[in-house]
Amino acid sequence: MSAMTFACARPMVLNTASATKRTNARTTARGATNGAALSARRGSFGANALSKSANGATFANARAARVRGAVTITAAHRPDADAEDAGKGQRVMIIGGDGYCGWATALHLSKRGYAVSIVDNLCRRSMDDQLGFNSLSPIKGIHERVRKWKEVSGRDIDLFVGDVCDYEFLGAAFKKFAPTACVHFGEQRSAPYSMMDRTRAVFTQTNNVMGTINVLYAIKEFAPECHCIKLGTMGEYGTPNIDIEEGYITITHNGRTDTLPYPKQGGSFYHLSKCHDSANMLFCTKAWGIRTTDLNQGVVYGLSTDETDMHPDLVNRLDYDAVFGTALNRFCIQAAVGHPMTVYGKGGQTRGFLNIRDTVRCIQIACDNPAPPGEMKIYNQFTEQFSVNELAAMITEAGKKVGLNPEVITVPNPRTEMEEHYYNAKNSKLQDLGLEPIAMRGEFLEGLLKQIITYKDRVDQRLILPGVNWKESASVAEVIAK
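The rules behind each value
- Residues numbered from 1 in each chain as written.
- Predicted model: local features only at pLDDT ≥ 70, side-chain atom pairs only at ≥ 80, totals over all residues.
- Heavy atoms only, no water.
- Pairing = 2+ DSSP bridges.
- Helix = DSSP H or I, 4+ residues; strand = E, 2+ residues; numbered from the N terminus.
- Axes fitted to C-alpha atoms, helices over the stretch in contact; angles between N-to-C directions.
- Contact = heavy atoms within 4.5 Å.
- Salt bridge = Lys/Arg side-chain N within 4 Å of Asp/Glu carboxyl O.
- Buried < 20%, exposed > 50% of the residue type's maximum accessible area, 1.4 Å probe, protein only.
- Disulfide = S-S within 2.5 Å.
- Polar contact = N/O pair within 3.5 Å; in protein donor to acceptor, adjacent residues only side chain to side chain.
- Right-handed = clockwise from strand over helix to strand, strands pointing away.
- Parallel < 35°, antiparallel > 145°, perpendicular 65-115°, else oblique.
- Left-handed = near helix turned anticlockwise from the far one by under 90°.
- Nonpolar A, V, L, I, M, F, W, Y, C, P; charged D, E, K, R; others polar.
- Arc of directions from axis to C-beta.
- Expected span 1.5 Å × (residues − 1).
- Phe/Tyr/Trp six-rings, centres within 6.5 Å; stacked < 30°, edge-to-face > 60°.
- Lys NZ or Arg CZ within 6 Å of the ring centre and 35° of its normal.

Time to look at the sheet that holds strand 14 (residues 376-381). If you trace the seven strands from one edge of the open sheet to the other, you get 5-4-3-6-7-10-14, paired in parallel fashion. The outermost strands of the open sheet, each flanked by one partner alone, are strand 5 (157-161) and strand 14. Looking at each pair of strands side by side, their axes are set apart by 20° on average, direction ignored. By the bridge criterion, six bridges tie strand 10 (residues 291-297) to strand 14 in an arrangement that is parallel. The residue of strand 14 that forms the bridge with Gln 297 is Gln 381. Of the strands in this sheet, strand 3 (91-95), strand 4 (115-120), strand 5 and strand 6 (181-184) are in contact with helix 6 (residues 167-177), which crosses strand 5 at around 165°.

Following this line, the structure appears as structure tokens:
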């Protein structure tokens, strides 16, 4: 979820005592992170709040121009996208900025001159403590991370530590930072976690759906021109036996034609929470005339970006366990430590994938291309499609080139899903705006395996095999009884 630190004239503490009124379900899932206190750094945003945009207009005038329908300069037409002042005039709040995608995005934008704040309640870290997991890479605490970024880059990131499901906290963060864009990563993002038991299923739905509604209300009440960019998932679509369009599909039925949201078929309580988010966003966009973009992201892989490589203390997290670890990252780690790659079932499950470096580029493109008021843009955020068997074959080939001898085994599929199916998803919109995809093959996979080998002594092989079965999900009491 979220966190909050901002520059202010003197230290400030945010009272979130109301968070103690959470239900037992939320308390169980969150641990002690609810009601986290706000810590603040010294400084001031006063002069920067109305800093000049790249075309010389004040930020307020630039926003007004967008409202009037002025043409936005897209990343495809921005040779300066990597310039140190590329984001001048934009203030981006990154909810969930301590997480895998959020941390890399925060540094990427900050390096390019966007004013960045991180909002996070650090519950992803507490989930590791609850379940006995750990990141393969040794990550520092969020305060130490932010301090180190200031030291190596000379740039501030404002940190707000608290829960977006606490509206009092979230409203205070919005009023203090005054974002022009809000990137919402701050959700429980694991399908297996959501299927572990009833308590975690309820937590996932409550946390994700209620948190997103709070973000939408905060935009409406405190920053009505703020552009909401939410990370959805390609898993919302399921695996239909027709092509997957980018968010909307035009249908002719009984002689009448309409363009409608593409049908959703979430395959877990996590995926279903994302479906609910998308429906709520579309409703609020139309009802309140706000700006929203839904990024249906594929499976993200990789460890490094240019910014996280600037110092060991900035390293990103990399999950390898069967609950939070994504397929390709898990396979690479299994190969590196000599554990057979575990293919679920027949291995024909096909998904969209993208490099973490492409993820941060996509977010920058979305920030630079806000939706018009009252419109929700939807992009399918992935660059390549592979089946699980194809992933295992590619990693086997790359592993041999770096001195490994990867093996593949088939294990019973713990998920309720189709193991062989048609899959063809469209993904042209972000590339039309300037995204230049990074290919997964060859030298990249070899480099990723070499990176992972340096951390292989941190791997607990007991965490690799699947431990969450979709059909056996039950109440906590029943799980304990077993």
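Moving on from the model shown.
Evaluated as defined, the whole model comprises 25 salt bridges. A salt bridge links Lys 230 to Asp 294; the shortest N-O distance between them is 3.2 Å. Pair noted here: Lys 230 is in strand 7 (residues 227-233) and Asp 294 is in strand 10, with a separation of 64 residues, a long-range link. Residues Lys 230 and Asp 294 agree in their burial class; the two are buried.

When the sulfur atoms of two cysteines share a covalent bond, that bond is a disulfide. For the structure shown, the criterion picks out zero disulfides. Note on Cys 182: no disulfide assigned, nearest cysteine sulfur contributed by Cys 226 at a separation of 5.4 Å.

Turning our eyes to something else, we now look at unusual backbone geometry. Even without glycine at this site, Leu 122 takes up a positive phi of about 65°. As for its position among the elements, Leu 122 is in the loop between strand 4 and helix 4 (123-131).

Taken in spatial order, the three strands of this open sheet run 11-13-15, and their pairing is mixed. Of all the strands in the sheet, just strand 11 (299-301) and strand 15 (384-387) have a single pairing partner and so form its edges. The mean inter-strand angle of the sheet, taken between neighbouring strand axes irrespective of direction, is 45°. Both strand 13 (residues 350-355) and strand 15 contribute to a ladder of four bridges, which runs antiparallel. Looking across to strand 15, one finds that Gly 352 is bridged to Gln 385. On the sheet, helix 12 (residues 388-401) packs against strand 13 and strand 15 and is oriented at approximately 95° with respect to strand 15.

With that settled, the discussion passes to the side chain of Gln 364. Within the secondary structure layout, Gln 364 lies in helix 11 (residues 356-368). For Gln 364, the side chain forms a polar contact with the main-chain oxygen of Ala 81, separated by 2.8 Å. At 3.3 Å, the side chain of Gln 364 forms a polar contact with the side chain of Tyr 114. Once you skip the residues sitting within four places of it in the chain, Gln 364 turns out to touch Ala 81, Ala 86, His 108, Leu 109, Arg 112 and Tyr 114.

A few words on the pairing of strand 3. A regular strand carries its side chains on alternate faces of the sheet. Taken across its five residues, strand 3 has five buried, putting it largely inside the fold. Relative to strand 4, strand 3 runs parallel, the two being bridged by five bridges. Bridge pairing links Met 93 to Ser 117 in strand 4. Handedness of the β-α-β unit built from strand 3, helix 3 (residues 100-111) and strand 4 comes out right-handed. The pairing of strand 3 with strand 6 spans four bridges and is parallel. If you follow Met 93 over to strand 6, its bridge partner there is Cys 182.

All right, on to the packing of helix 6 against helix 8 (residues 198-222) then. When two helices pack together, their arrangement is given by the angle between the helix axes and the distance between those axes. For the pair helix 6 and helix 8, interaxial distance at closest approach is 10 Å and the crossing angle is 45°. Between helix 6 and helix 8, the angle falls in the class oblique. Considering how the two elements wind past one another, helix 6 and helix 8 form a crossing that is right-handed. Across the interface between the two elements, Tyr 167, Leu 170, Gly 171, Phe 174 and Lys 175 of helix 6 pack against Asn 214, Val 215, Tyr 217, Ala 218, Ile 219, Glu 221 and Phe 222 of helix 8. Looking at the contact of helix 6 with helix 8, its residues break down into eight nonpolar, two polar and two charged.

So, about helix 14 (residues 443-453). Those residues of helix 14 that fall on the buried side of the exposure criterion are Leu 445, Glu 446, Leu 448, Leu 449 and Ile 452. Here the buried residues of helix 14 occupy an arc of 160° about the axis, which is enough to place them on one side. Of the exposed residues in helix 14, those oriented more than 90 degrees away from the buried face are Glu 443 and Lys 450. Elements in contact with the buried residues of helix 14: helix 10 (327-337) and helix 12.

A few words on helix 12. The terminal C-alpha atoms of helix 12 lie 21 Å apart, and with 14 residues this matches the ideal 20 Å at 1.5 Å per residue to within 8%. Every buried residue of helix 12 is accounted for by Val 388, Leu 391, Ala 392, Met 394, Ile 395, Thr 396, Ala 398 and Gly 399. In this fold, the buried residues of helix 12 make contact with helix 10, strand 12 (341-344), strand 13, strand 15, strand 16 (408-411) and helix 14. Taken from the residues just after helix 12, Gly 403 is the one with a positive phi, measuring 90°.

Another point: the packing of aromatic side chains. One pass over the full model with this rule turns up eight aromatic pairs. Plain terms: the ring middles of Tyr 193 and Phe 324 are 5.7 Å apart, the flat faces sit at 35° to each other, and that makes the pair tilted. Here the residue Tyr 193 occupies a position in helix 7 (residues 191-194), and Phe 324 occupies one in the loop between strand 11 and helix 10, the gap between them amounting to 131 residues. Joined through ring pairs, the aromatic side chains of Phe 133, Tyr 193, Phe 203 and Phe 324 make up one cluster. Directly above the ring of Phe 177 sits Arg 91, whose terminal nitrogen or CZ lies 4.4 Å from the centroid.

Running from N to C, helix 12 and helix 14 cross one another at 65°; their axes reach a closest spacing of 9 Å. Comparing their axes, helix 14 and helix 12 come out roughly perpendicular. Crossing hand, helix 12 versus helix 14: right-handed. Residue-level contacts link Met 394, Ile 395, Ala 398, Gly 399 and Lys 401 of helix 12 to Leu 445, Glu 446 and Leu 449 of helix 14. Classifying every residue of the contact of helix 12 with helix 14 by side-chain character gives five nonpolar, one polar and two charged.

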